[in-house]
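Chains, contacts and geometry: an overview
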Protein chains: 2
Amino acid sequence: MATVEARILRGFRDYLPDVMLPRQRMLDRVASVFESFGFAPLSTPALEYADILLGKYGDEGDKLLYRFFDNGERDIALRYDLTVPLARVVGMNRDLVKPFKRYHIAPVWRAETPGRGRFREFTQCDVDIVGSESLMADAECLAVGAAVLRALGVERFELRVNNRKLLTGLLERVSVSGAAALGVLRTVDKLPKIGEDKTRELLQSENKLDAAACDAIFAFLKLAPDELASFFADSEIGRKGAAELAELLALAESLGIRDRVAVDLSIARGLDYYTGTIYETFLLDLESIGSVMSGGRYDDMIGMFGGESIPSVGISLGVDRLFFGLQELGLVTPQVSPTQVLVTVFDENTRKHAYDIATQLRAAGVRTEVFLGTGKLKKQFQYADRKQIPTAIVAGPDELARGEVTVKDLKTGTQQTVTIDGLVAALARG
Amino acid sequence: MATVEARILRGFRDYLPDVMLPRQRMLDRVASVFESFGFAPLSTPALEYADILLGKYGDEGDKLLYRFFDNGERDIALRYDLTVPLARVVGMNRDLVKPFKRYHIAPVWRAETPGRGRFREFTQCDVDIVGSESLMADAECLAVGAAVLRALGVERFELRVNNRKLLTGLLERVSVSGAAALGVLRTVDKLPKIGEDKTRELLQSENKLDAAACDAIFAFLKLAPDELASFFADSEIGRKGAAELAELLALAESLGIRDRVAVDLSIARGLDYYTGTIYETFLLDLESIGSVMSGGRYDDMIGMFGGESIPSVGISLGVDRLFFGLQELGLVTPQVSPTQVLVTVFDENTRKHAYDIATQLRAAGVRTEVFLGTGKLKKQFQYADRKQIPTAIVAGPDELARGEVTVKDLKTGTQQTVTIDGLVAALARG
């Protein structure tokens, strides 16, 4: 067979163990928090009929699909996100008990131009509540988000909320609708980065708003939450948004997370399908990396596969961004190997003892390797060292005759002799 | 937007929570056993350059690839297994510390004709040791396989081993090589199903062997392990195979798993790339479902991406088959929801208390939902019942005034009143 150069597609990544281990630990912890709130895992195929996905992400999104014809000439594509497959599943399984609370952690594919931090395959991590119109569901997304960040060791974070109905009310007031509305919101979204003067300039030049409309927008953006209701005295949808936001804040208070929730009226997010609450989440010591967890309520989306629509709300973790943030904050312990203890093999005759010790350690929950082969102890220690295994056990014939082993701390180089029973107890403790 | 019928591609599956929950629990347990032996997780992209995959699985395999041109006219394909991507990773990262022990649990895609138990997307679960020629590595695959099955509650299983060098020696003796050799082994593989007479008939009619060759093959198949060395007195490779098998059995003895390991000289498996030990694993109470864990040593494979070859050995779990087996053996607890306790919401005024109780329970490790909304208790119990949540908590104003709640067992219908502190302690216990 002709040899082929080993290479990987641009925009794709291998996760070698040193990254995969802490990343997997992070995702396991996240899944465990999701389950602690009663969210159940769901899995859907990587491939879908193209028409299931097309038209859901805008023209730009359609172009980014990995779309092709299979051997049976079916028009298929790799999933672009986890929300449309969820909608398909709910559409096909109308008898699912509602509220249906699911999480889904899986890769998605987008043929973006690869660049710094932009990949063609990346992991999404979504949690959604399908079939509840109660704002308790919106509040639960805040609670689960806060619990996730705390479980990962982050204490300084802020969940920022807005309500799409407020934005709709605002845009009605300045008489902007349709594609122009989306344009205005995109400009407003830039406010934190470019400041008020530049934003006002763009609203006039790009979005063709007059000075009065701009004034109305900036007046809105500066409102305190308790001023929203009177600002929207004349707008039914605006008043509804204000009431929802107030109720959400009251629920956050009941949930004991009010101090982590802030109103940010400039959050706009995918105007196309959000209908109520919208979320973004910032690490306060790393605001510049952007929102690490975003989402919102989308009450009209699941109707897209026919049948009645089902009110839904969800929040999605930016896995790579959050992992990067945790690394920056020193909350990721790099690890090359899961192994905690290497049992060295002195010679062929003591191998059985090495295996016995390893079996006892594993039974006590200690992740344990036995060196594969025999050979100089120095070589075996080097292996442990290169794999960053913290502890090595030496069990030579003399020690074994006394029912003892030597425990070597490979960081400090110190060693001590202990009984085999004592070893298991000591290492199992930690 | 025009509505599209919600449908899934043939040969693909959604895993709804009732299957996904126990399946995920199984895979988590498997991963934990892998890590307890020092195997680290690896992740590779779903998509590879087609030429990385082509020619590795035979002509049949090449045809089953999901292969297409991406937007940049690159010839790409979805991975067909996890072994070739491993070989690519090792080829691209020559400095990985050896032995490199990795596991990988991920979907693969094959455009097979869908049928009973045959899907176009399925999960593989591989554990491999790259860069050790020691038979201790082969033995470790047996040990990790046995540990996996025990961790899943299976006690009656058998790991069956053979050695490809024995088969090579045998085929040399009967003067068969190349494609014809593969044909002979495929016929021999049928022996357990069709019996000796029919197998002999096929060896003569299909494989064109004479009676003496057939005699030699059946003489070989009936050998006891300790007769192999003298049978192959004249064959260097046969003697080497016999010595390796004997050493493997001795290592299994040292590992304390000799009683779960049997020699089966009829196991042939993918002759194309195995070079030494080969494995299959049977659940003794469900032999008919076939091998649930298979693999072997492939010392020449990683050289296919250029550079020197690296001796490797691995074993792969048939995730779907094993899960089916566990279901049949009654070892899978069906579960619709991860939730252990539903905290009902009596009214708006007691909601904060419901949240507080839930937070305390979660902190104690109890997976807890709060009913999303208020409404008749009967409706809330029905929800718990349909989600098979075993326990519900009622915390009405009178109970809360006394610092108490009512715990209702939804299976038996019995209920008792306990203090809130007592509740957490009781439910956390289990």
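Everything numeric in this text was worked out from a predicted model, so none of it was measured. (Residues numbered from 1 in each chain as written. Chains lettered and ligands numbered in written order. Predicted model: local features only at pLDDT ≥ 70, side-chain atom pairs only at ≥ 80, totals over all residues.)

Picture the strands of a sheet paired through backbone hydrogen bonds; they go either parallel or antiparallel. All names here are of chain B. Pairing within the open sheet is mixed, and its five strands lie in the order 13-12-14-15-16. Because the sheet does not close on itself, it has two edges, and the strands there are strand 13 (368-370) and strand 16 (415-419). Taking the axes of each pair of neighbouring strands and ignoring which way they run, one obtains an average angle of 25 degrees across the sheet. Where strand 12 (residues 341-343) meets strand 13, three bridges bridge the pair, whose relative direction is parallel. Looking at strand 13, one finds that valine 343 is bridged to valine 370. Where helix 13 (residues 351-363) meets the sheet, its contacts fall on strand 12, strand 13, strand 14 (391-394) and strand 15 (404-409), and the angle it forms with strand 13 comes to roughly 170 degrees. (Pairing = 2+ DSSP bridges. Helix = DSSP H or I, 4+ residues; strand = E, 2+ residues; numbered from the N terminus. Axes fitted to C-alpha atoms, helices over the stretch in contact; angles between N-to-C directions. Contact = placed C-beta atoms within 7 Å.)

A word on the relation of the copies chain A and chain B. Between chain A and chain B, the superposition needs a rotation of 180 degrees and an axial shift of 0.0 Å, giving an RMSD of 0.1 Å. Those values place the two copies in the arrangement expected of a two-fold rotation axis. Among all residues of chain A, the one whose C-alpha sits closest to the rotation axis is A:Phe68, at a distance of 3.3 Å. (Least-squares fit on C-alpha atoms with pLDDT ≥ 70 in both.)

With that out of the way, let us pick up the sheet that holds strand 4 (residues 75-78) of chain A. All names here are of chain A. If you trace the three strands from one edge of the open sheet to the other, you get 2-4-3, paired in antiparallel fashion. With partners counted over all chains shown, the strands left at the sheet margins are strand 2 (47-49) and strand 3 (67-69), one partner each. Shown here is a sheet whose adjacent strand axes are inclined to one another by a mean of 35 degrees, direction ignored. Of the strand pairs in this sheet, strand 3 and strand 4 are connected by three bridges, and their pairing is antiparallel. Each bridged residue has a counterpart across the sheet, and for arginine 67 the counterpart in strand 4 is alanine 77.

Let us now look at the pairing of strand 10 (residues 293-297) of chain A. All names here are of chain A. Among the five residues that make up strand 10, five are buried, leaving the element largely enclosed by the rest of the structure. Residue alternation in strand 10 divides its side chains into two sets, Met293, Gly295 and Arg297 and Ser294 and Gly296, and both sets are buried. Of the strand pairs in this sheet, strand 10 and strand 11 (residues 312-318) are connected by five bridges, and their pairing is antiparallel. Counted as the bridge partner of arginine 297 is valine 313 from strand 11. (Buried ≥ 20, exposed ≤ 12 C-beta atoms within 10 Å, placed from the backbone.)

Attention now goes to the confidence of the model for chain A. Summarising the model, chain A shows a mean pLDDT of 93, and 99% of its residues fall at 70 or more. Across the assembled chains, the prediction reports ipTM 0.93 with pTM 0.94. (pLDDT = per-residue confidence, 0-100.)

On to helix 1 (residues 17-36) of chain B. All names here are of chain B. For helix 1, which comprises 20 residues, the first-to-last C-alpha distance of 28 Å matches the rise-based estimate of 28 Å (1.5 Å per residue) to within 8%. If you check which residues of helix 1 are buried, you get Pro17, Leu21, Arg23, Met26, Val30, Ala31, Val33, Phe34, Glu35 and Ser36. Phi turns positive, to about 90 degrees, at glycine 38, one or two residues after helix 1. (Expected span 1.5 Å × (residues − 1).)

A few words now on the interface of chain A and chain B. Of the residues lining the interface, 78 residues belong to chain A; the matching set on chain B comes to 78 residues. When residues in the side of chain A that touches chain B are grouped by element, the largest group, six residues, is from helix 1 (residues 17-36) of chain A. Split by residue class, the side of chain A that touches chain B holds 38 nonpolar, 20 polar and 20 charged. (Nonpolar A, V, L, I, M, F, W, Y, C, P; charged D, E, K, R; others polar.)

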